[in-house]
Every structure is written in structure tokens, then in C-alpha cells.
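Descriptive structure summary
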Amino acid sequence: MTSLFPRGAIRPSSIASTPRQLAIIATHTQPTHRGTAVATPVDDNIQTSRRFSVLNRPPPLYPGHIPLTRLERVSLALGSGILSLRNPYRADLIAACGEALSVPYFIYRLRDAMLSHPVGRRILRDRPKITSTSLSLPHLRSLPPNSLGRTYVNWLDREHVSPDTRLPVRFIDDEECAYVMQRYRESHDFYHSLTGLPTVREGEVALKAFEFANTLLPMTGFACLSVFTMKKQERKRFWEIYGPWAVRNGVNAEEVINVYWEEEMATNVDVLRKRLGIETPPDMRDIRKRERDQRRKEKGEREKMGMGV
Amino acid sequence: MASRPGLRSIAAASTSASRTFAPRFVPPTSRSFASTHPASRPTTTTNDTSDRPTSFGFETVTESEKRERVAGVFSSVADSYDRMNDMMSLGVHRLWKDHYVSSLNPGYTPPGQAARPQHILDIAGGTGDIAFRHLHTAHVLNRNPDVRVTISDINPDMLEVGKKRSSILPASQQAALSFLQANAEDLTGKVADNSMDLYTVAFGIRNFSNMPAALQEAHRVLKPGGVFACLEFSKVGNALLDSVYKRWSFGAIPMIGHLVAGDRDSYQYLVESIENFPSQEDFRQLILDAGFGVAGQGYEDLTGGIAAIHRGIKPLA
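The structure displayed is predicted, hence computed values, not measured ones.

1. Regarding helix H9 (residues 211-221) of chain B
Residues and elements named next belong to chain B. Of all 11 residues that make up H9, eight are buried, and the element is covered over most of its length. Buried within H9 we find Met 211, Ala 213, Ala 214, Leu 215, Glu 217, Ala 218, Arg 220 and Val 221. Contacts made by the buried residues of H9 are with strand S3 (118-123), strand S6 (196-202), strand S7 (222-233) and helix H12 (280-289).

2. Quick word on the packing of aromatic side chains
For the coordinates displayed, the defined rule picks out 16 aromatic pairs over all chains. Plain terms: the ring middles of Trp96(B) and Phe233(B) are 6.0 Å apart, the flat faces sit at 85 degrees to each other, and that makes the pair edge-to-face. Highlighted residues: Trp96(B) in helix H5 (residues 92-104) and Phe233(B) in strand S7, separated in sequence by 137 residues. Overall, the relative accessible area of 13% leaves Phe233(B) in the buried class. Every member of this aromatic cluster is reached through a ring pair, and the members are Tyr152(A), Tyr184(A), Phe190(A), Tyr191(A) and Trp261(A). It is Arg183(A) that lies over the ring of Tyr260(A); its NZ or CZ is 6.0 Å from the centre.

3. Points about unusual backbone geometry
Of note, the amide linkage connecting Val103(A) to Pro104(A) takes the cis form, showing an omega dihedral of 10 degrees. Mapped onto the fold, Pro104(A) is located in the loop between helix H4 (91-102) and helix H5 (106-115). Unusually for a residue other than glycine, Arg127(A) sits at a positive phi of about 50 degrees. Residue class for Arg127(A) comes out partly exposed when judged on its relative accessible area of 29%. A positive phi angle, close to 55 degrees, is found at Phe203(B), a residue other than glycine.

4. Observations concerning a nonpolar patch on the surface
All names here are of chain A. A cluster of nonpolar side chains, Phe 222, Leu 225, Phe 228 and Trp 239, forms an exposed patch at the surface whose accessible area comes to about 490 Å². With respect to the helices, strands and loops of the structure, Phe 222 is situated in helix H11 (residues 218-223). When its relative accessible area of 47% is taken as the criterion, Phe 222 is described as partly exposed.

5. Focus: the UniProt feature "binding site: Zn(2+)" (unreviewed entry) in chain A
All names here are of chain A. The sites that UniProt annotates as "binding site: Zn(2+)" (unreviewed entry) are His 188, Asp 189, His 192 and Glu 204. These annotated residues cover 17 residues of sequence, and their C-alpha atoms all fall within 10.5 Å of one another, placing them together at a single site. Within the secondary structure, Asp 189 is located in helix H9 (residues 175-195). Residue Asp 189 is classed as buried on the basis of its relative accessible area of 2%. Position of Glu 204 relative to the elements: it lies in helix H10 (residues 201-215). The class of Glu 204 is buried, set by a relative accessible area of 11%.

6. Here we look at the nonpolar core
Residues and elements named next belong to chain A. Ile 107, Leu 140, Tyr 152, Ile 172, Phe 190, Trp 261 and Ile 278 are the most contacted members of the largest nonpolar core, which has 59 residues in total. When residues in this core are grouped by element, the largest group, nine residues, is from H9. With near-sequence residues (within four places) excluded, Ile 172 lies in contact with Tyr 62, His 65, Glu 99, Ser 102, Ile 107, Cys 177, Ala 178 and Met 181.

7. Concerning the state of the cysteines
All names here are of chain A. For the structure on display, the rule yields zero disulfides over all chains. Left unpaired, Cys 177 is separated from the closest cysteine sulfur, that of Cys 97, by 18 Å. Cys 177 gets classed as buried once you look at its relative accessible area, which sits at 0%. Left without a disulfide partner, Cys 224 is nearest to the cysteine sulfur of Cys 97, which lies 14 Å away. Taking the relative accessible area as the measure of exposure, Cys 224 reaches 14% and is therefore buried.

8. Details of the sheet that holds strand S5 (residues 177-181) of chain B
Residue and element names in this part refer to chain B. Taken in spatial order, the seven strands line up as S5-S4-S3-S6-S7-S9-S8 in an open sheet, and their pairing is mixed. At either margin of the open sheet sits one strand with a lone partner, and together these are S5 and strand S8 (299-302). Averaged over neighbouring strand pairs, the angle between their axes works out to 15 degrees when direction is ignored. Pairing between S3 and strand S4 (residues 147-153): six bridges, direction parallel. Bridging across to S4, Ile 123 finds its partner in Ser 152. Docked against the sheet, helix H6 (residues 129-141) engages S3, S4, S5 and S6, running at close to 175 degrees with respect to S4.

9. Examining the UniProt feature "binding site: S-adenosyl-L-methionine" (unreviewed entry) in chain B
All names here are of chain B. UniProt feature "binding site: S-adenosyl-L-methionine" (unreviewed entry): in the numbering of this structure it lies at Thr 127, Asp 153, Asn 183 and Ala 184. Once you skip the residues sitting within four places of it in the chain, Asn 183 turns out to touch Arg 67 and Ile 154. Positionally, Ala 184 belongs in the loop between S5 and S6. Residue classification places Ala 184 among the buried positions, given a relative accessible area of 6%. Residues within four places of Ala 184 in sequence aside, it is in contact with Ile 123, Tyr 199, Phe 208, Ala 214 and Glu 217.

Procedures and definitions
- Residues numbered from 1 in each chain as written.
- Chains lettered and ligands numbered in written order.
- Predicted model: local features only at pLDDT ≥ 70, side-chain atom pairs only at ≥ 80, totals over all residues.
- Heavy atoms only, no water.
- Buried < 20%, exposed > 50% of the residue type's maximum accessible area, 1.4 Å probe, protein only.
- Helix = DSSP H or I, 4+ residues; strand = E, 2+ residues; numbered from the N terminus.
- Contact = heavy atoms within 4.5 Å.
- Phe/Tyr/Trp six-rings, centres within 6.5 Å; stacked < 30°, edge-to-face > 60°.
- Lys NZ or Arg CZ within 6 Å of the ring centre and 35° of its normal.
- Patch = residues over 30% accessible without salt bridge, like charges linked within 9 Å, V, L, I, M, F, W, Y side chains within 5 Å.
- Areas by Shrake-Rupley, 256 points an atom, 1.4 Å probe, with all protein chains shown as cover.
- Salt bridge = Lys/Arg side-chain N within 4 Å of Asp/Glu carboxyl O.
- UniProt positions renumbered as here; feature names shortened; annotations may be inferred.
- Core = buried A, V, L, I, M, F, W, Y, C linked by side-chain atoms within 4.5 Å.
- Disulfide = S-S within 2.5 Å.
- Pairing = 2+ DSSP bridges.
- Axes fitted to C-alpha atoms, helices over the stretch in contact; angles between N-to-C directions.

Quick look at the structure:
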């Protein structure tokens, strides 16, 4: 696709120096007639540009891959979206909806965001997976208190969850983008440690808003719609404090998908935040606790008055 | 806070409960239409056929592996089995099963004769669909209280569903009902020779690792004059109906399985196993090979051949 006026024409030499980096740029950009390279999110998935029916699906590109026809993809997006709203415990439907909605444009944009960044490129080359075997949890427990690894493992222990519970990606038709989606899913817990938001519904919604502003994945945006299911006070806080914080930081910060979590385990969380450009939001746990104590005090007073009469 | 552990536990459960997930990761071509290369293990010289290659959907696996994976499929679908059947066949499976049992007419006694006892063996009948119909037809419609039904299934989870559902039956019917966990390919020690009047298997035989062995066992346990009746998915004759049916099977059913039951792989296996089942004529030949006598065509197509009832009789001599 050539263009007379390429927007954001990037000369390869300004962002790449090694032959490997140049090769990556070359495969993911398209030369214009002027010879400079324009980087645009391309649909380089040659395989599924050929129409197929459910009776002759193309072979899978990665283990567990299921190529879907267009009708199937639409049905999956609609069906899983509606059913996961009705039953939010169906994590598999939420995951499938996220995958169905991330194509055509959004997952490719995220993958290209990784390719445009040196650490992102390293992640795509190394393909690290975050599981309980790849992260040594006992080692993380031995790290200094305010390090990323320590806050992460404390959080895992407190919530009684393990890093192994993320479902594999199945419905994305590009092997690299499937890995990007998998990486995003596995990194979600680290976003909690990074932002300091708790895993209550209020914290999850605020984090989803941050993720949407940062990664632009549509499912994160839809997840924010559950702001309308929160309590009045929480909703007010979202519109006044956490929503604006999320948008401001998501947009201004670096792409959090480009953080090599395995290497940042010993980093101090505040240092990491400063590097990425994320400001710490007001401590949600603290605010909620104060509000709870306040409510309890008022309730106690009301009861005392009631009993006195 | 409450939603998080719930989400995590569901996610953990769905990755561990759908056991077909993990094995499917190994062969990269497992999702394609064609079979993978056959397992290259040699057959043993003993009677044990568990290393013989057979089909699991479109994959080729050994018989023992197929048994394991079918067990995984049915444990996974046991609870939502009825809802899924309704959705896959748009409720028509109920009509098929009604016609199947009423055409067999268990417990029927000709007018003027005394009611004779009958013992019915319902194979792969875990959830009880067919067995309950047998009991109703025999005890209520034919007013023959001497008819007993034994439900046999290899999968204990399906039997559990059947036991739960049987608790709402009238007491006399419950008394006539028994449950047996067994492998239909080898009922030695569990069902005696020449002991059954009627052997039924509905939508089960395509899941067997070794169909000829199951047919031979059916021949063994039936009394001379006993009836073998099999209700199973089959080949559709009409080309237009067939193309619509295939697209529904391979497109809609796995999607419905995913959305409703959270298990796409089990339903993908189910539709692939339907595709692999022999045609009406081929299965009729298998029944003849097992020693049964077949009257005329020997099968009856239902809904254009989407399902078919095969019948055979064990010869008297």
C-alpha cells in the first residue's frame, strides 16, 4: 500500500541500528515510492485472507488455535459478550470475547507497539511465559519489601491465586499476536502491583480504564462499563478520582506491555513507576477503609441514640 | 474482591476439568479435517487390543487413549448433557428417543396372554433418558410390572446424573431399575450369558473404542430371540440437507458448546465422532458379522438420516 503523503514516515536508521532490528522493521513496514518506510499496523496474516468454511478450516498456527470464519467470530463476540455480562464468573467467555474483539485492528496495534520498542522486541523474541514455574515464588519472597517481585508475591499469597490460571489464547489468527494477547493477560496481575490498585471491583474497573487508555484493547473498555454496577460512592470516586487518573496516566505513560516483568522483579516499584511515567493513584484501600470506619461509627451512633430513646 | 477468586477458580476449573484441552496441545494438526499420522505402536499378541489404533474424532489414537479421552469428554459434559442435546438437535432428540422406545415396545404382551418378565440392558445410558422411557412404556403403558431395566455406563459421572434423575420416578419403577458401571466391550462377570431380552444403546456406540467387541458382547448377553437395538447418528441421504446439517454440526455446535457449557473441545469431538461413524449399510454389515439376524433393511432413518435405528435379533438356534 503506497502513499504519496506518508504520515509519520520514519527513517529506519533513527530507530534501529542492528541488522536484526532493521530486518524486523523491514518485514513490518511497507516502502513508499520515495523509499522511506512507513510504519502502519498491517494485517500480515496472509493465511486467513482466503475465505474458508467450517468444513475446511486451515491448519492451526499454534497449539490450541482455532481459525474462525467471519460468522463464527461475530457470533462468538456477541454470544460471549452477552453471556459474560449475565455471568461474570465465566472467565473463559470474557477471554474469548476479548480475543474476538481485538481483531482486526487493536491487537495488531499492540503488537506493533511492542515492535517499536527495544524491550518489546526482546520480549517478542524471547517469548517469556509467566507461570509459577518460570517465576520462582520463594525467590520473590526473599526480595526487599518495596520491590515489584515482593509486592506481587504478597498479593498472590493474600488473594490465594496462582499465576497459572490464565486461559490460553485460541481465537487470534496470528501466532505473534496470540502471544501478545497471552502476555497481556499474564501481565494483568503486575499492573495491579504497578498501580497499587486492589482487586476489589472498584480497583478492577479503575485498572481496566487504565489498561484501555494504555493498550487500547476494546475488551478493557467494555469492562469499564461495569462502573454502572458499582455502589454510588464508588461510582462517584471513579468519575472524580480514578477515572481521570486512569485516562491521564494511561495516555501519558509508556506502553506497559513493553515491561519485561521477569527482569524487573528486584526493581523498586516507585522507581519503575517513575520510569514509566505512572503516578500513584490515591490509596484506594485507605479511602475505602476510612469510609467503612466512618459508616461503622455512624451506625454505632445511630444505634446508641435509638437505644437511648 | 469477591469476583476475583471466583474468576480465578472458574478459570482453574475450566483448564483442569476439560481434560481434552491438555492432550490437544500436543499434535499441531489435531484441528485440521484430516487425521494425524497413525500411532505406530505394534499390537500385542494377547487378547488386549488397547494399543490398536482407532479414531478419536479426526485424530488417530490408541484404543486405551480413546477410552480415557471419551471419559474426559463425558465427565465434562455430564451436567449440561440434556441442555446441550436440546440445543444441538433443537429438541428433536426427544422425538427420536420416544419413537425408538415406542417402536421397541418393551413389556408388551399380546392380548389374552400373561405378562412375561423381561430384563432390559440399556448400554451407555448413564443419564437415564432411554431407561426411564423403557420403564414408563413397560410399567404404565403396557401394564407389565415384571420388566426390569439395568442402566450400564462406563462413566461414573454420567451414572450419577442418572441416579439423581431417577429419584423422581415412582417407587415401583425405581425398584425395577439398577445401575451398573461397566465397559460395554467387556461385560464378563458383570452380565451373564443369554440373560437379556433387550439390549439398547442410544447415541453411545460411536464412542466405543472397539465396536465389534461391543457387538459381540451384545450377542453373548442376549437370550436367543433377544433384540439388539441401536439408535445412533448416521449419514444423511439428501445432499442439500446434508450440507446444511454438516455446517450446523461443525460451526454452530462447538460454538454453542463453548458459550453454554464452556467446553468447545468436547463438542468438537462429538461432531467429529458423528462424522466418523459408519454409514447405515456398513453398520448393518457389522451387526450381521456379530452373529445377529437382520430383518429386511435392518435400519430405519430418522429425520432424513441424521439419526438411524438399527435392529438385530439373536437367532434362536
